[in-house]
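Residues per chain are reported as follows:
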Amino acid sequence: MKLASDSPERTEELGYALGRRLKPGDVVALFGDLGSGKTTMVKGIARAFGIAGRDVTSASFTIIAEYPVRPPLFHIDLYRVEKEEDIDATGIWDCIGMDSVAVIEWAEKLGDRCGKECIRVRIKDTGDDRREISIEGLNEEDRNHL
Ligand SMILES: Nc1ncnc2c1ncn2[C@@H]1O[C@H](COP(=O)(O)OP(=O)(O)OP(=O)(O)O)[C@@H](O)[C@H]1O
Ligand SMILES: [Mg+2]
């Protein structure tokens, strides 16, 4: 499905709506250029888990942030991972799946390793504050709630 956003607030709201649909084991892979709005969307997702947006930051030093909520929420930012071979050393595979929810910025770096089941969100800057957001991997009921 394709959605349009015309403000950071709208992108955050979409993140919130998506976050409300997530359940343990879900993985959200975020794709998009620098500054496209991935972290903005993660703030909305995190809010759906009761985490304040200001507590969600761009991961300049940490690759993995874990929020102590139920289900556990992991915010993973692969920006600083240079090579696909370095992915395993980040420990992300211990954070994904099972009873947790994981959202991954710069999922491009995973190649095709985020799995068939993962929810893929692609954000494209279409000028000024406009973004085109495409979401794949949601079932029909979830789509109807976005
Ligand atoms: N419709 C929009 N949706 C999201 N962000 C927008 C929108 N319009 C403008 N912006 C601005 O674009 C920037 C998006 O920043 P954000 O940190 O969310 O991007 P990012 O994709 O996480 O970047 P990075 O690749 O550095 O992690 C913010 O400054 C935000 O205010
Ligand atoms: Mg970011």
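What you are looking at is a predicted structure, and each value in this text was computed from that prediction instead of being measured.

## Considering the side chain of Glu 105
Then comes step 1: Position of Glu 105 among the secondary structure elements: in strand S5 (residues 101-105).
Then comes step 2: The side chain of Glu 105 is buried and forms no salt bridge, while Lys 38, the nearest opposite charge, is found at 4.7 Å.
Then comes step 3: Setting aside chain neighbours within four positions, we find Glu 105 in contact with Leu 30, Lys 38, Thr 39, Val 42, His 75, Ile 76, Asp 77 and Leu 78.

## Some remarks on the coordination of the magnesium ion (ligand 2)
Then comes step 1: Coordination of the magnesium ion (ligand 2) by the protein involves Thr 39 (OG1) and Glu 105 (OE), with metal-donor separations of 2.1 to 2.2 Å. Of this pair, Thr 39 sits in helix H2 (residues 38-47) while Glu 105 sits in strand S5, and the two are 66 residues apart along the sequence. Here Thr 39 matches Glu 105 in class, with each residue buried.

## Description of the pattern of salt bridges
Then comes step 1: Here the structure, examined in full by the defined rule, presents 12 salt bridges.
Then comes step 2: Put simply, Lys 23 and Asp 26 hold a salt bridge, and the shortest N to O gap is 3.4 Å.
Then comes step 3: Classification of Lys 23 as partly exposed rests on a relative accessible area of 46%.
Then comes step 4: Among the residues examined, Asp 26 registers a relative accessible area of 13% and is labelled buried.
Then comes step 5: One salt-bridge network, held together by shared partners, links Glu 12, Glu 13 and Arg 47.

## A closer look at H2
Then comes step 1: Of all 10 residues making up H2, 7 are buried, and the element is well covered by its neighbours.
Then comes step 2: All buried positions along H2 are accounted for by Lys 38, Thr 39, Met 41, Val 42, Gly 44, Ile 45 and Ala 46.
Then comes step 3: Looking at the packing, one finds that the buried side of H2 touches helix H1 (8-21), strand S2 (27-31), strand S4 (73-77), S5, strand S6 (119-125) and strand S7 (131-136).

## So, the site of ligand 1
Then comes step 1: Taken together, 17 residues lie around ligand 1, and Thr 11, Lys 38, Thr 39, Thr 40 and Asp 129 are the ones closest in.
Then comes step 2: Take Ser 7: an N or O atom from its main chain is 3.1 Å from a nitrogen atom of ligand 1.
Then comes step 3: Top contributing element to the shell around ligand 1 by residue count: H2, with 3 residues.
Then comes step 4: Residues of the shell around ligand 1, tallied by class, amount to 3 nonpolar, 8 polar and 6 charged.

Conventions used here
- Residues numbered from 1 in each chain as written.
- Chains lettered and ligands numbered in written order.
- Predicted model: local features only at pLDDT ≥ 70, side-chain atom pairs only at ≥ 80, totals over all residues.
- Heavy atoms only, no water.
- Helix = DSSP H or I, 4+ residues; strand = E, 2+ residues; numbered from the N terminus.
- Buried < 20%, exposed > 50% of the residue type's maximum accessible area, 1.4 Å probe, protein only.
- Lys, Arg positive; Asp, Glu negative; His and termini not counted.
- Salt bridge = Lys/Arg side-chain N within 4 Å of Asp/Glu carboxyl O.
- Contact = heavy atoms within 4.5 Å.
- Donors = N, O, S within 2.8 Å, 3.2 Å for Na, K, Ca; no water.
- Near = heavy atom within 4 Å.
- Polar contact = N/O pair within 3.5 Å; in protein donor to acceptor, adjacent residues only side chain to side chain.
- Nonpolar A, V, L, I, M, F, W, Y, C, P; charged D, E, K, R; others polar.

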